[in-house]
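Structural overview
One-letter residues, chain by chain:
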Protein chains: 2
Amino acid sequence: MKLSANEEYGLRCLVRLGYAGEGGNLTIPEISQAEGVSPAYAAKILRVLRKGGFVKAARGKEGGYTLARPAESIVIGEVIDVLGGRLFESKFCDSHAGQVAICTRSVDCSVRSLWRAVQVAVDHVLSKATLRDLLQNEEEMNSWVRAIPGPNGLRLLQ
Amino acid sequence: MKLSANEEYGLRCLVRLGYAGEGGNLTIPEISQAEGVSPAYAAKILRVLRKGGFVKAARGKEGGYTLARPAESIVIGEVIDVLGGRLFESKFCDSHAGQVAICTRSVDCSVRSLWRAVQVAVDHVLSKATLRDLLQNEEEMNSWVRAIPGPNGLRLLQ
DNA sequence: GCCAATCTATACTTATTAGTCAAGATTACT
DNA sequence: AGTAATCTTGACTAATAAGTATAGATTGGC
């Protein structure tokens, strides 16, 4: 039960684009440098985000990426789904072949209902959060960090 | 954000052992057949569970696996941690190198705090549930399924 | 002591995910 | 039209997870 690299970096790239504001344009080199991933990898991730309808791309000179929709309409849960799939996709139950002819788990079981409970808990967080929330949160934290005195503004927080 | 095979089958094997009751003994062939995985794979998973202190093994004839502790003292969250690690292990932030010299994300960021919120939500479910809960739930569901009329007791539920 | 049933350990193969590379297509500007 | 900056695509390699195989060690019963 781990976050995939796609989910982590994909969301970061989206937040970065959100930073650029509505209509703000960023190129792959810009995004990749800002997020510390290779341009090729950023391109691969951005393609997923584009196909998911979260960003749009413009080719050619002056091209780049932009949010496809206002930040408040981008639900993080949907982004994560596109980047990394659902927690529980029932691939296990499908292939599970228990000892008894009628597997008591083929319809439902405690393990399965536990996963469902976990999925509900996760969705509860991710279906509420929008990109706008993340951006606001980020700005709050940045101003807060910048307000801390010290060599680089961070020392005292570690 | 997917369940790993280890988590899925590991938990299933543990539930299967719980079924066998306190002191109940099951061999690898028994468990593997009941759970529909190969004996070799079951062995691999059971070793993880053993090292995690959830089950104990006896070698030789009459050997097999048993719960190492009472079912109500086995917290599912701990089992999942051992089988699959934590959702967010901060491997990303560690290697992340943003554009600015002082990465505003090196201490905290909205993405990171989002993952923390998700982790809290997951823990909220998994740190409460014990193996005993799963076993009781299973028995309830089994009796319920068996009570449904039909060719194999399952038809009407699909 | 011997044998069969059992777990143990390590190495191996396969599948999936992560990440890179190179050639092609599009666009703005001159 | 030409050129440079940009995204697009698909194939490639590397790393990790999933799953298998094989030889070894332990135990109980005869």
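Residues numbered from 1 in each chain as written. Chains lettered and ligands numbered in written order. Predicted model: local features only at pLDDT ≥ 70, side-chain atom pairs only at ≥ 80, totals over all residues. Heavy atoms only, no water.

What to know about the overall build of chain A
Broken down by element type, chain A carries seven helices and two strands. Listing the helices and strands of chain A from first to last along the sequence gives α-α-α-β-β-α-α-α-α. Out of the 158 residues in chain A, the part that is buried amounts to 49%. Put simply, of all contacts in chain A between residues at least 6 apart along the chain, 64% involve residues at least 24 apart. (Helix = DSSP H or I, 4+ residues; strand = E, 2+ residues; numbered from the N terminus. Buried < 20%, exposed > 50% of the residue type's maximum accessible area, 1.4 Å probe, protein only. Contact = heavy atoms within 4.5 Å.)

Digging into the protein's contact with DNA strand D
Taken together, 24 residues surround DNA strand D, and among them Y65 of chain A together with A5, S38, K44 and R59 of chain B come closest. Of all DNA strand D atoms lying within 4 Å of any protein atom, the proportion belonging to sugar or phosphate reaches 71%. A distance of 2.9 Å is found between a sugar or linking oxygen of DNA strand D and a side-chain nitrogen or oxygen belonging to R59 of chain A. Note that a base oxygen of DNA strand D is positioned 3.4 Å from one of the backbone N or O atoms of G60 of chain A. (Near = heavy atom within 4 Å. Polar contact = N/O pair within 3.5 Å; in protein donor to acceptor, adjacent residues only side chain to side chain.)

Regarding the pairing of strand 2 (residues 64–67) of chain A
All names here are of chain A. Burial of the side chains of strand 2 extends over both faces: G64 and T66 are buried on one face and Y65 and L67 on the other. Across four bridges, strand 1 (residues 55–58) lies against strand 2 in antiparallel orientation. Within strand 2, the position partnered with A57 by the bridge is Y65. Between strand 1 and strand 2, which follow one another and run antiparallel, lie five residues, and G60 among them has a positive phi close to 75°. (Pairing = 2+ DSSP bridges.)

Topic: the pattern of salt bridges
Residue and element names in this part refer to chain B. Taken as a whole, this structure holds 12 salt bridges over all chains when the rule is applied. For the salt bridge of R132 with E72, the shortest nitrogen-to-oxygen distance reads 2.8 Å. Taken together, the residues R132 in helix 7 (residues 131–147) and E72 in the loop between strand 2 (64–67) and helix 4 (76–84) connect sequence positions 60 residues apart. (Salt bridge = Lys/Arg side-chain N within 4 Å of Asp/Glu carboxyl O.)

Observations concerning the packing of aromatic side chains
We describe a pair of aromatic rings using the distance from one ring centre to the other and the angle between the two ring planes. Residue and element names in this part refer to chain A. Applying the stated criterion to the full structure yields two aromatic pairs over all chains. Ring geometry for Y9 versus Y41: centroids 6.1 Å apart, planes at 80°, classification edge-to-face. Remark: Y41 occurs in helix 3 (residues 39–51) and Y9 occurs in helix 1 (residues 5–19); sequence separation between them is 32 residues. (Phe/Tyr/Trp six-rings, centres within 6.5 Å; stacked < 30°, edge-to-face > 60°.)

Quick look at the protein's contact with DNA strand C
Taken together, 24 residues form the shell around DNA strand C, and within it S38, K44 and R59 of chain A together with R47 and Y65 of chain B come nearest. Taking all atoms of DNA strand C within 4 Å of the protein, the share assigned to sugar and phosphate is 71%. S38 of chain A places a polar side-chain atom, nitrogen or oxygen, 2.4 Å from a phosphate oxygen of DNA strand C. When contributions to the surface near DNA strand C are tallied by element, the ones reaching two or more residues are helix 3 of chain A together with helix 2 (28–35), helix 3 (39–51), strand 1 (55–58) and strand 2 of chain B. The element best represented in the surface near DNA strand C is helix 3 of chain A, accounting for three residues. Looking at side-chain class alone, the surface near DNA strand C contains nine nonpolar, seven polar and eight charged residues. (Nonpolar A, V, L, I, M, F, W, Y, C, P; charged D, E, K, R; others polar.)

Some words on the packing of helix 6 (residues 110–126) of chain A against helix 6 (residues 110–126) of chain B
For the pair helix 6 of chain A and helix 6 of chain B, the least separation of the axes is 9 Å and the interaxial angle reads 150°. Classed by the angle they form, the pair helix 6 of chain A and helix 6 of chain B counts as roughly antiparallel. Our pair here, helix 6 of chain A against helix 6 of chain B, has a crossing hand that is right-handed. Between helix 6 of chain A and helix 6 of chain B, the residues in contact are L114, A117, V118, A121, V122, V125 and L126 of chain A and L114, A117, V118, A121, V122, V125 and L126 of chain B, respectively. Here the residues of the contact of helix 6 of chain A with helix 6 of chain B sort into 14 nonpolar, no polar and no charged. (Axes fitted to C-alpha atoms, helices over the stretch in contact; angles between N-to-C directions. Parallel < 35°, antiparallel > 145°, perpendicular 65-115°, else oblique. Left-handed = near helix turned anticlockwise from the far one by under 90°.)

So far we have only geometry, and geometry alone does not tell us how the molecule works.
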